[in-house]
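# Report on the structure
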Amino acid sequence: MPTTDRFPLVPLVAMGFAAFVYVTYEMFSVGLITPMAADLGVTEGRIGLLMTVYAGVVAAVTLPLIALTRTLDRRPVFIATLFFLLAGVVLQATAVNYAMLAVARVVAALTHGVFWSLVNPMAARLVGPGRTGKAIAVVSMGSTMALVVGSPAATFVGGLLGWRASTWILGAAVVASVAVLLSTLPSMPAVAPTAGQESGRSRAALTSLVVFLLLAVTAVFSTYTYLGLIIERTSGHGLVAPGLVLYGVFGILGVVSAGRRVDARMLRMNGLSQVLLVLAAAAGLAALAAPGRWAVALVFLLVAVIGVGAGALPTVATTLFLFAGRDNQDRASAIYVVTFQVGIASGSALGAVAVDAGFLPGTLLATAILALVAGVTLTAWTRPLVR
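Cut-off values and rules
- Each chain has its residues counted from 1, following the order in which its sequence is written.
- Selection of residues for local features in this predicted model requires a pLDDT of at least 70, selection of side-chain atom pairs for listing and counting requires 80 or more, and totals for whole chains, interfaces and linings are taken over all residues.
- Excluding hydrogens and water, the side-chain figures rest on all heavy atoms present in the structure.
- The numbering of helices and of strands both runs from the N terminus, where a helix is a DSSP run of H or I of at least 4 residues and a strand a run of E of at least 2.
- When we talk radius of gyration, it's over C-alpha atoms, and the globule rule is simply 2.2 Å times the number of residues to the 0.38.
- When a residue's accessible area, from a 1.4 Å probe over protein chains only, is under 20% of the maximum for its type it is buried; when over 50% it is exposed; and in between it is partly exposed.
- It only takes one pair of heavy atoms within 4.5 Å for two residues to be counted as in contact.
- Working definition of accessibility: Shrake-Rupley area with a 1.4 Å probe, residue cover restricted to the visible protein chains.
- Residues enter patches when their relative accessible area tops 30% and they take part in no salt bridge; the joining distance is 9 Å for like charges and 5 Å for the nonpolar side chains Val, Leu, Ile, Met, Phe, Trp and Tyr.
- Salt bridges are counted wherever a side-chain nitrogen of Lys or Arg sits within 4 Å of a carboxyl oxygen of Asp or Glu.
- Here an axis means a line fitted to C-alpha atoms, over the contact stretch when the element is a helix, while the angle between two N-to-C directions is reported on a 0 to 180 degree scale.
- With respect to orientation, any angle under 35 degrees is reported as roughly parallel, any angle over 145 as roughly antiparallel, any angle of 65 to 115 as roughly perpendicular, and every other angle as oblique.
- By definition, turning the near helix anticlockwise from the far helix through less than a right angle yields a left-handed crossing, and turning it clockwise yields a right-handed one.
- Only buried residues count toward a nonpolar core, which is a set of Ala, Val, Leu, Ile, Met, Phe, Trp, Tyr and Cys residues joined through side-chain atoms within 4.5 Å.

## Some details on the overall build of the protein
Looking only at helices and strands, the protein features 15 helices and 0 strands. The C-alpha radius of gyration of the protein comes to 20 Å, within 12% of the 21 Å expected for a compact globule of 387 residues. Expressed along its principal axes, the backbone C-alpha trace of the protein runs to roughly 60 × 50 × 35 Å. In the protein, which comprises 387 residues, the share counted as buried stands at 52%. Contacts in the protein between residues at least 24 apart in sequence constitute 85% of all its contacts with a sequence separation of at least 6. Carbon and sulfur atoms provide 70% of the accessible area of the protein, an area that totals close to 16,100 Å².

As structure tokens, then:
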């Protein structure tokens, strides 16, 4: 597809808004577990379990679906993923029992990975070489804003009007997203993978990046999953909500900073994100051991630093994956998506082991160790393969 020097902001923002809607739906139950459980007559744990089911479906079906659709124009495939999301929204809003709610989550999860596998390569194709990171940052801002605005807004509306009304409003956002994409997103014929001398090296680089990303994402979610608990233990329950909002604000700063620099410094920016995770973990460990105001100051240092590092990670890691897998960017993006989902599940589970054992600092220790190993992996294994 031909590109021009003009930055295609409108279609990129439309894609970012679609990402905002998809992630808001994925995280929908986080703030509405109690009313959803009460309405459907199940335990809160069963509602929470749907998050695990969602991630499992994404991890299982993404690579096969990307292979199945590899010869199709990317535009209709991408927009079709939003129709699956819309179907999930409608089923959720009209669910009369837990089984129907589970089906709703599965339907949307079926194309969640396809959506994320396509959105970043499509963004890269819209802008052309040299501006991939900037384009991905625009798209990534949508998923970041889903955590900062989307999920809290869904919770707020759900508290006022009920979780079903909140779901219907989300459905209206899906329809609006599809309408804008239909009018702004150009056709993107499938690009046949190239098979040249670089293919073997590309596979080796992607293998190293899978290990790096799995370590890095596990590091992030070992602490992020329990960040509210860390804030509560060090600063009191009243500062949990402001702390999580602050995390999102610094996450936005991370995305913006990454988008400006990653095209020229891919490896360095990925390494920097790991340094920030180690520093954040150190601040958190100090906060858990410090008294009074020192603990509050240190825990908010943790929130700020991990927010920047974790916020930058999707942009910088995706850009590096697409560069390393440029022979077949859709497949490289799909591998990235699956690895990220496995990292989320692994980090949450690893943190749970520490929390259930009554050793909350273990979440931060896991983050520090894993981020350090991720940085070493990037430097010693990945760097020689992608330079």
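Now that the structure is up, let's keep going.
## As for the side chain of T218
The residue T218 is located in helix α9 (residues 199–224) in this model. Setting aside its immediate chain neighbours within four residues, T218 contacts G343, S346, G347, L350 and L370.

## Describing a nonpolar patch on the surface
A surface patch of nonpolar side chains, amounting to about 470 Å² of accessible area, comprises F156, L160, L161 and I169. Top contributing element to the nonpolar patch by residue count: helix α7 (residues 132–161), with 3 residues. Given a relative accessible area of 59%, L160 falls into the exposed group.

## A closer look at the packing of helix α12 (residues 266–289) against helix α13 (residues 292–324)
Where α12 meets α13, the closest approach of the two axes is 7 Å, and the angle between their N-to-C directions is 160 degrees. Compared by their axis directions, α12 and α13 come out roughly antiparallel. Crossing angle aside, the handedness with which α12 passes α13 is left-handed.

## Some thoughts on the pattern of salt bridges
For the structure on display, the rule yields 1 salt bridge. A salt bridge links D39 to R164, with the shortest nitrogen-to-oxygen separation between them at 3.0 Å. With D39 in helix α2 (residues 33–40) and R164 in helix α8 (residues 163–184), this pair connects stretches of sequence that are 125 residues apart. We classify R164 as partly exposed; its relative accessible area is 25%.

## What about the nonpolar core?
Ranked by internal contacts, the top residues of the largest apolar core, which has 110 residues, are L12, M15, F78, L85, F115, L181 and L302. Here this core gets 13 residues from one element, more than from any other, and that element is α13. When near neighbours in sequence (up to four residues on either side) are disregarded, L12 contacts F7, A123, L126, V127, A135, V138 and V139.

Limitation: the analysis is restricted to geometry and does not speak to function.
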